[in-house]
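# Fold and contact review
Read off the chains here:
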Amino acid sequence: MNTGSAILYALLIITPAMLLVLLNKKNSSFTLFKNMYLLSSSLVLIMTVLLFGYLLTDDFRYAYIYSNSSVETGIPYKISAFWAGSEGSFLLWLILIKISVLMFIKTYGKISDRIPFIAIILIEFSLLVLLLIKNPFMFIWDKMPDSISPGQIPQNGTGMNPLLMDPWMIMHPPVLFMGYATAVIPFGLALSALIRKNADQWIKTAFPWIIVSAVTLGTGIFMGGYWSYKVLGWGGFWGWDPVENSSLVPWIVSVILIHGIIIQKRRGAFKKTNLLFSLLYFVLIYYSTFLTKSGILSDFSVHSFGKTDIANALGIIFIFFVLSTAVIFAKGFKNINSAKISDNFLSQDNSSIYGMISFTAYAIIILIGTSLPIITSLSGNGISVTESFYNRLSIPLGIIIIFSLIITEYSIKKFRIKALLLFILPAIAITVFISVYIKFSLTDSIYYLICLFLILVTSSQLHRKAMLAKNLSHMGIAIFVFGVILSSSIQWSEKITVTKGSKSSAGNIQIKLSGYREGNASSILINFIKDNRSVSAELPYYIESKGGTLYREPYIYSCIAGDYYVIPESYNFSELSYSTGIIQEGHTHSISDYRVKFLKFIIHKMNANSMSLSALLEINGKKYSPSVSFDAAGRKDMDVKMAGTGQTVSLKSIDAKSRAVEIYISPKKNITLPPDSAVFTVSFKPLIWMVWLGTLLITAGLALSLFKEAGKHRENE
Amino acid sequence: MQNKHIPVFILALVLMIISVLSFSDDIFSPYVDFGYAKSHPEKTVQIIGSTDKKTIRESKTGFQFNITDDKNNILSVSYNGIKPLNFDHADKVVVIGKFMDNKFIAGKVLVKCPSKYTEKKK
């Protein structure tokens, strides 16, 4: 056993002990609990430091380090390898819960309510159980007993998936998990409020934490979207994938909750709803973890995760949290009396409520869409929903939500007709301009009109300090939606082939292909030419060693008008296509001007850990058998010289299923080959920066409301 | 909360959602086999299959390829879009779309990557 695992076992004993201390009703036990909590937090901190230490020192005794890092991995990515796998993610979640709860204890030193802590300890215990199954400190020989003997330490790790090696991916998981971690505090406080039948006090303590959680979770989601746009190269930022959806749903719930609490503070209404949504917020976050880490949706998602060994544990823990919170809510909610809301259709509260209901409907739709494969696969074949399920339903709901935001503005400040005309006329003018000169679509026009109107109305109110947080985030939503609709509706896309040394046009730009640069991360070299200005760019394009898959990244040229998005589809190495060929058993293929016949495979199994494979070939009547061997150290190529030519034959790859091999014969000297070429898809996404600006404003508005809350707390003290 | 507008609003919202769902035919995609896809050309479905790399052909607007299932049935797929990352090295793909004119017209192609989370046996 190693230090990390020993600490984990210690925590698995201390945590239930803390629960016992909490259940003991003596007054002194709370001080004892605080001390124990401090101790357990220090232990989690030591685990965290250990894992970082092992990552930074390339300690490949640990399977987690071996699978997620390598000697060549740069320092920032060695750090982010911490959360590249499930094991580290659970530990990250745990340490962030510890930090949040310690801050919670410190800022609200006077509280002596045990119930929130009982809930938090149970959550921490569930994470420790998951860490026991997915232990980041497992030795590699325990994890892979078949291939690694005890004490044997690999020279190098397999490295990180290059898709994750992006600055945005360093920050995205910790920020997202900060949202996950802080959700435990409102969850615990809401449970306590239900059990103590007092639904008035808890929101004061919980509100700042709900906002922190909404800000961090939202920022995490937005970062993920931007990363997807910048790295994945499919041209979009949101694919309605289960992984994305499952964190979007809790975020929507947190935003609804913020509005619900504002109304509760102002009118004393919505008490039950707010309690319910606080509970749902955490339960949905746990559901998100269940969906993404259990592998249950592996057949329905582009994210690659196999069915994992923690699926059952995750499922049982999820059902436990759902049932226990449902029972506590069902018992407690009858005792809570909420105030009634006025019946004035156009009041500020009412328009907020319509917006909240629509937003809730949206969350339910996304939740159902994401869960449908699981629900339906219980009775036979799974059914999943397509992207148009979400897109079609988003159109009417989006209009209703933006409309409710407009009515909210109007109900706060009754604008005069003159002022309204000032906003509506430019909005109409721009909408008409887009519809007439660029593209007409009825739903798009409605969106342009209401979004522009809302942008103008909110920006005219930005001088009102008391309303700044609300106006900023509502303006952010309008800008975001406007950007989404415009950039997807008016974009163009074109596929072009470019030969090395020459140029091809796509729309109003040109791409010049300069060649291919071999290196640590090989890339295609291009020149992006717009308005006689040429920018040179490198587009990563190589087979990554870990998964053996093609890795490529788009090039993005941003200007005020929008983004030019260049995706390298394929690069044709003329030397390679001349000198390489795939041959099926018994067939003949022309490679480097030779007729090559593939006769059969020859397999030598040396021992349990190593084997070699050769392909028996016939070239010009002579027999050659290039081979590859595999052992613990990896793959080794054994090329064969062709007598009297100075050329070599190598076995590049083997496809056992279709019984085919890929053979390479080095070309003769002084031979002239046609130039290389490459295929690109070039698209233009107008005003896409509005999407990013919108998300920034939404986050800024939420963050501002947090400072306002914090300010109020200071005044009260 | 005794506001009488709210139940009306919720009812209207539910009706709207139901009507959107019932007027669209491309929102659900059940997992089916090749035979079902061929015999139900009007339905949006999703199919999983192994890609046959030798059959990948690219054209100006997209690309075509064949997929095979466990029983070695062959289905030719046409996709008008950007070739997904890792497509050339994928073992299996999921295609979502409809069967038309002896071809499966995919609206979306999902690549099942050799997962980085599964340990490779050496």
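Now for a look at the structure at hand. Each chain has its residues counted from 1, running along the sequence as written. Written order determines the labels here, with chains lettered from A and ligands numbered from 1. Selection of residues for local features in this predicted model requires a pLDDT of at least 70, selection of side-chain atom pairs for listing and counting requires 80 or more, and totals for whole chains, interfaces and linings are taken over all residues. Note: side-chain values were computed over all heavy atoms of the structure, leaving out hydrogens and water.

Another aspect to go through is the overall build of chain A. Put simply, DSSP H or I for four residues or longer makes a helix, DSSP E for two residues or longer makes a strand, and each gets a number counted from the N terminus. Helix and strand content of chain A: 20 helices and 20 strands. Relative to the 2.2 N^0.38 estimate, which gives 27 Å for 717 residues, the radius of gyration of chain A is 30 Å and therefore close to what a compact globule would have. For every residue, the accessible area (1.4 Å probe, protein chains only) is compared with the maximum for its type, and the residue is labelled buried under 20%, exposed over 50%, or partly exposed between those bounds. Burial statistics for chain A: of 717 residues in total, 57% are counted as buried. Of all intrachain contacts in chain A linking residues separated by at least 6 positions in sequence, the fraction that spans at least 24 positions is 66%. Only carbon and sulfur atoms are counted for the fraction: they give 63% of the accessible area of chain A, which is about 30900 Å². Under the counting rule used here, the positive set is Lys and Arg, the negative set is Asp and Glu, and His together with the chain ends is not counted. By convention, the point assigned to a charge is CZ for Arg, NZ for Lys, CD for Glu and CG for Asp. Distance between charge centres in chain A, computed from 61 positive and 40 negative side chains, equals 9 Å. Radius of gyration here uses only the C-alpha atoms, and the compact-globule reference equals 2.2 Å multiplied by the residue count raised to the power 0.38. Only heavy atoms enter the contact rule, under which two residues are in contact if any of them lie within 4.5 Å. Here the open area of atoms and residues is found with the Shrake-Rupley method and a 1.4 Å probe, where only the protein chains shown may cover a residue.

With that settled, the discussion passes to the pattern of salt bridges. Residue and element names in this part refer to chain A. By definition here, a salt bridge exists when the distance from a side-chain nitrogen of Lys or Arg to a carboxyl oxygen of Asp or Glu is within 4 Å. Within this structure, the stated rule accounts for 14 salt bridges over all chains. Lys78 is the salt-bridge partner of Asp58, the closest N and O atoms lying 3.2 Å from each other. Of this pair, Asp58 sits in the loop between α2 (29-56) and α3 (63-68) while Lys78 sits in helix α4 (residues 75-80), placing them 20 residues apart in sequence. Of the charged contacts in the structure, one is a salt bridge between Lys530 and Asp531, with a shortest N-O distance of 3.3 Å. Here the salt bridges share partners, and the residues they tie into one network are Arg266, Arg267 and Asp349.

Residue and element names in this part refer to chain A. A pair of Phe, Tyr and Trp rings is counted when the ring centres sit within 6.5 Å of each other, with Trp represented by its six-membered ring. The angle between the planes then sorts it: under 30 degrees is stacked, over 60 is edge-to-face, the rest tilted. Counting across every chain of the model gives 55 aromatic pairs over all chains. Here Tyr287 and Phe318 contribute two aromatic rings whose centre-to-centre distance is 5.1 Å and whose plane-to-plane angle is 35 degrees, an arrangement assigned as tilted. With Tyr287 in helix α12 (residues 271-294) and Phe318 in helix α13 (residues 311-332), this residue pair connects regions lying 31 residues apart in the sequence. The exposure class of Tyr287 is buried, given its relative accessible area of 13%. Each residue in the set Trp93, Phe177, Tyr180, Phe187, Phe282, Tyr286, Phe320 and Phe321 is aromatic and connected to the rest through ring pairs, giving one cluster. The lysine or arginine in question, Lys652, covers the ring of Tyr664, its NZ or CZ lying 5.2 Å from the ring centre. Only when the NZ of Lys or the CZ of Arg is both within 6 Å of the ring centre and within 35 degrees of the ring normal is a charge said to sit over the ring. In this structure, Lys685 packs its charged tip against the face of Tyr565, placed 5.3 Å from the ring centre.

All right, on to a positive patch on the surface then. Residue and element names in this part refer to chain A. Two distance rules govern patches: like charges are joined within 9 Å, and nonpolar side chains (Val, Leu, Ile, Met, Phe, Trp, Tyr) within 5 Å, applied only to residues with over 30% relative accessible area and no salt bridge. Residues Lys413, Arg416, Lys418 and Arg464 make up a contiguous surface patch of positive charge. Its place among the elements puts Lys418 in helix α16 (residues 417-438). The exposure class of Lys418 is exposed, given its relative accessible area of 73%.

Before going further, it helps to spend a moment on the environment of Gly476(A). Residue and element names in this part refer to chain A. The residue Gly476 is located in helix α18 (residues 468-489) in this model. C-alpha of Gly476 to C-alpha of Ile698: the two residues are 222 residues apart in sequence and 4.9 Å apart in space. Not counting the four nearest positions on each side in its chain, Gly476 is found in contact with Gly694, Leu697 and Ile698.

Residue and element names in this part refer to chain A. Strand pairing is assigned whenever DSSP detects at least two bridges linking the two strands. With respect to topology, four strands assemble into an open sheet ordered β2-β20-β9-β8, the strand pairing being antiparallel. Every interior strand has two partners, whereas the edge strands, β2 (492-499) and β8 (555-559), have only one. Sheet twist, expressed as the mean angle between neighbouring strand axes with direction ignored, is 20 degrees. Across five bridges, the pairing between β8 and strand β9 (residues 562-572) is antiparallel. By the bridge assignment, Tyr557 is partnered in β9 with Tyr564. Angles shown run from 0 to 180 degrees and are taken between the N-to-C directions of axes, each axis being a line fitted to C-alpha atoms and, for helices, limited to the stretch in contact.

Residues and elements named next belong to chain A. The span expected for a helix works out to 1.5 Å for each residue beyond the first. Over its 30 residues, helix α14 (residues 348-377) runs 44 Å from end to end, which matches the ideal 44 Å to within 8%, given 1.5 Å per residue. Of all the bends found along α14, the most pronounced is centred on Ser371 and spans about 50 degrees, while Pro373, a proline, follows it within four residues. The buried count for α14 comes to 24 of 30 residues, which makes it a mostly enclosed element. A residue's bend is simply the angle between two axes: one fitted to the seven residues ending at it, one to the seven starting at it.

To continue, consider the packing of helix α1 (residues 3-23) of chain A against helix α6 (residues 115-133) of chain A. Residues and elements named next belong to chain A. In the contact formed by α1 and α6, the axes pass within 10 Å of each other and the chain directions differ by 160 degrees. In terms of orientation, α1 and α6 fall into the roughly antiparallel class. In the crossing of α1 with α6, the sense of the turn from one axis to the other is left-handed. Listed contacts from α6 to Leu8, Tyr9, Leu11, Leu12, Thr15, Pro16, Met18, Leu19, Leu22 and Leu23 of α1 are Phe117, Ile118, Ile121, Leu122, Phe125, Leu128, Val129, Leu131 and Leu132. We call two directions roughly parallel when the angle between them is under 35 degrees, roughly antiparallel when it is over 145, roughly perpendicular when it lies between 65 and 115, and oblique otherwise. Handedness of a crossing is defined here by the sense of rotation of the near helix relative to the far one, left-handed for an anticlockwise turn of less than a right angle and right-handed for a clockwise turn.

With that settled, the discussion passes to the sheet that holds strand β10 (residues 580-584) of chain A. Residues and elements named next belong to chain A. Taken in spatial order, the four strands make up an open sheet running β10-β19-β18-β17, and their pairing is antiparallel. What marks the edges here is a single partner per strand, and that holds for β10 and β17 (640-641). In this sheet, strand β18 (residues 648-655) lies alongside β17 in antiparallel orientation, the contact comprising two bridges. Bridged to Val640 within β18 is Val649.

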